[in-house]
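Below, each chain spelled out in residue letters.
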Amino acid sequence: MKLKQKKSDELFLKAQELIPGGIFGHYKFAVREEGPKFFSRAKNAYFWDIDGNKYLDLICGWGPMILGYNNSKIDKAARTQYDLGNTVSVASPVMVELAETLTDLVDIADWALFGKNGGDSTQLAVMVARAETGKSKILKIKDGYHGANGWMQNKNNPGIINSDSEEVLSISWNDLDEFDEMISSFGNEIACFISSSYDHPTSKDSSLPKEGYWKHIEKKCSENNIVLIVDDVRTGFRIDLKGSHNAFGFSPDLVCLGKAMANGYPISALVGKASLKDAANKVYFSGTQFFNSAPMAASKATLEELQNLNAIEIMNTNGLKLKDDLSNAAKAFGLEIKVSGVPSMPYFRIEDQTKNFHVDWTDECLSRGLYLTSYHNHFLSVAHGENEINEIVRIASEAFEAISI
Ligand SMILES: Cc1ncc(COP(=O)(O)O)c(C=O)c1O
């Protein structure tokens, strides 16, 4: 199927003159020759591109959108605060209110600090761990994504130098032997272990922690004066409102939050246990825009709305329906689709087929108005109800049919 995309193509050409690559960062990977490049508006689970094509969105702005685009309650909370003042020379009381909302909600949280992006909170977490322990090394998972700062990137990436990752050690996900070996060899130098609560790499199935994994890590970290950091930037408020660690039964020292905490308004947070409050106070962490009060008001409203709606239950129910219905739809065409990860963040892979076959399927979905990717986990929101799931499965079935003939 062909999409109307004359305006998109023209604007993308102009963008390429003005912006290196025409688009950058993680948005760059998702641009398809045939597919939307610029939105004109968005509402609930849908967005429209500048050529007027409508898409049911399974990407949710790469995670922030959790209550539906342009949610009137959240937008009203932000607008009310904007009208009072957004960036002013002193902080707004809403900063304290949001810290209270977060510490009431996230079970390990005794304090909160705020930034803009997830990478601000993961950077701060590591600095707090170093300030507390006086050690320098960071232990992470090989595929783990924590943002775009030097130490977080692949060492072969352009612009990254060896010293960026000199203090970074990496191990495979779910491998306790490798973890124990690193602790035996470098325990005295490791300041922190940073990881998402389950593995959600690109271009691979997502993988949940094996039995006893986190309890073992929690114990070893505590015995070796290593700060345990959960990077909940992607998973935060999509698995458990108390923090995704709660769903997996362990207790980290620090939790990094971002993406969904304000339904798209720019804010991130680091929350932590009381034992690290002094270290957090000593670290210099700042940014001109970190004190914007409208995103703080949006975040407070988002966290309250997620609780009022029982959002996790809604996303789990609909995510499980999506998994079952999509699997059945694929079977009808002799295909098997593996859906991994938690229900609100499904990763899709068509079994026993080439990567190109899968990419063809996503392209067929895209041209029929379903926005998804072939290499990244997807995101559900509260706005993805039963009707939206049925619509996703209807489009996916047509796409299965198109690639099976
Ligand atoms: C697990 C995880 N941590 C950190 C980040 C970085 O967040 P941001 O892009 O907001 O800096 C991301 C972004 O995708 C993420 O998925």
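Residues numbered from 1 in each chain as written. Predicted model: local features only at pLDDT ≥ 70, side-chain atom pairs only at ≥ 80, totals over all residues.

Considerations on the packing of helix H3 (residues 72-84) against helix H10 (residues 293-309)
At their nearest, the axes of H3 and H10 sit 8 Å apart, and the two run at 150 degrees to each other. When the axis of H3 is compared with that of H10, the two are roughly antiparallel. Judged by the sense of rotation from one axis to the other, the crossing of H3 with H10 is right-handed. Of the residues in H10, those touching H3 at Lys73, Ile74, Ala77, Ala78, Thr80, Gln81 and Tyr82 are Ser293, Ala294, Pro295, Ala297, Ala298, Ala301, Thr302 and Glu305. Its residues placed into classes, the contact of H3 with H10 shows nine nonpolar, four polar and two charged. (Axes fitted to C-alpha atoms, helices over the stretch in contact; angles between N-to-C directions. Helix = DSSP H or I, 4+ residues; strand = E, 2+ residues; numbered from the N terminus. Parallel < 35°, antiparallel > 145°, perpendicular 65-115°, else oblique. Left-handed = near helix turned anticlockwise from the far one by under 90°. Contact = placed C-beta atoms within 7 Å. Nonpolar A, V, L, I, M, F, W, Y, C, P; charged D, E, K, R; others polar.)

Structural notes on the pairing of strand S1 (residues 39-43)
Summarising the sheet, S1 and strand S2 (residues 46-49) pair through four bridges and their orientation is antiparallel. Note that in S2 the partner of lysine 43 across the bridge is tyrosine 46. (Pairing = 2+ DSSP bridges.)

Structural notes on the site of the ligand
All residues adjacent to the ligand are Asn117, Gly118, Gly119, Thr122, Tyr145, His146, Gly147, Ser196, Asp231, Val233, Arg234 and Gly258. Here the shell around the ligand gets three residues from one element, more than from any other, and that element is helix H5 (residues 118-133). (Near = placed C-beta within 6 Å.)

Quick notes on the sheet that holds S1
Within the open sheet, the four strands sit side by side as S1-S2-S3-S13. Their pairing is mixed. The sheet terminates laterally at S1 and strand S13 (370-371), the two strands that pair on one side only. With two bridges joining them, strand S3 (residues 54-57) and S13 adopt parallel strand pairing. Residue pairing in the sheet places aspartate 57 in a bridge with tyrosine 371 of S13.

Brief notes about the packing of helix H12 (residues 355-367) against helix H13 (residues 386-404)
Following both chains from N to C, one finds H12 and H13 inclined at 130 degrees, their axes separated by 8 Å at the closest point. Considering their axes alone, H12 and H13 lie oblique with respect to each other. The handedness of the crossing between H12 and H13 is right-handed. Seen from H12, the contacting residues are Phe357, Asp360, Trp361, Glu364 and Cys365; seen from H13, they are Ile395, Ala396, Ala399, Phe400, Ala402 and Ile403. Classifying every residue of the contact of H12 with H13 gives nine nonpolar, no polar and two charged.

Looking at the domain arrangement of the protein
Think of interface size as the accessible area that goes away when the parts come together; that is how it is often given. When the domains of the protein are assigned, the result is domain 1 (6-69 + 311-404) and domain 2 (72-309). Placing a centre on the C-alpha atoms of domain 1 and another on those of domain 2 gives a separation of 27 Å. Contact with domain 1, which involves 22 residues of that partner, is made by 21 residues of domain 2. Of all the elements in the fold, those that place two or more residues in the side of domain 1 that touches domain 2 are helix H11 (311-331), strand S11 (337-340) and strand S12 (347-350). Top contributing element to the side of domain 1 that touches domain 2 by residue count: H11, with four residues. (Domains from an automatic or database assignment.)

A closer look at unusual backbone geometry
The backbone phi angle of phenylalanine 237 is positive, close to 70 degrees, even though this residue is not glycine. Mapped onto the elements, phenylalanine 237 comes out in the loop between strand S8 (227-231) and helix H8 (244-247). Overall, the presence of 27 C-beta atoms within 10 Å leaves phenylalanine 237 in the buried class. Unusually for a residue other than glycine, asparagine 310 sits at a positive phi of about 55 degrees. Along the chain, asparagine 310 turns up in the loop between H10 and H11. (Buried ≥ 20, exposed ≤ 12 C-beta atoms within 10 Å, placed from the backbone.)

So, the environment of leucine 372
Along the polypeptide, leucine 372 turns up in the loop between S13 and H13. Leucine 372 gets classed as buried once you count the C-beta atoms within 10 Å, which come to 22. Sequence separation between leucine 372 and threonine 362 is ten residues, and the spatial gap between their C-alpha atoms is 6.6 Å. Contact partners of leucine 372, with chain neighbours within four places excluded, come to Leu58, Ile59, Thr362, Cys365 and His378.

Section: the nonpolar core
Most often, soluble globular proteins keep nonpolar side chains buried together rather than apart. Ranked by internal contacts, the top residues of the largest apolar core, which has 102 residues, are Ala125, Cys192, Ile229, Ala269, Leu370 and Ala396. When residues of this core are assigned to domains, at least three map to each of domain 1 (6-69 + 311-404) and domain 2 (72-309). Residues within four places of alanine 396 in sequence aside, it is in contact with Leu326, Ala329, Cys365 and Leu370. (Core = buried A, V, L, I, M, F, W, Y, C linked by C-beta atoms within 7 Å.)

Here we look at the sheet that holds S8
The sheet built from seven strands is open, its strands ordered S4-S10-S9-S8-S7-S5-S6 with mixed pairing. Both outer strands of the open sheet, strand S4 (111-115) and strand S6 (168-171), are each paired with one neighbouring strand and no more. Averaged over all adjacent pairs, the angle separating strand axes in this sheet is 20 degrees, with direction ignored. In this structure, S4 lies alongside strand S10 (residues 268-272), joined through five bridges in antiparallel fashion. Its bridge partner lying in S10, glycine 115 is registered against serine 268. In this fold helix H6 (residues 176-186) packs onto strand S5 (137-141), S6 and strand S7 (190-195), with an angle of close to 150 degrees to the strand it touches most, S6.

A short note on the environment of methionine 182
Among the secondary structure elements, methionine 182 is positioned in helix H6. Residue class for methionine 182 comes out partly exposed when judged on the 19 C-beta atoms lying within 10 Å of it. A C-alpha to C-alpha distance of 43 Å links methionine 182 and alanine 383, two positions 201 residues apart in sequence.

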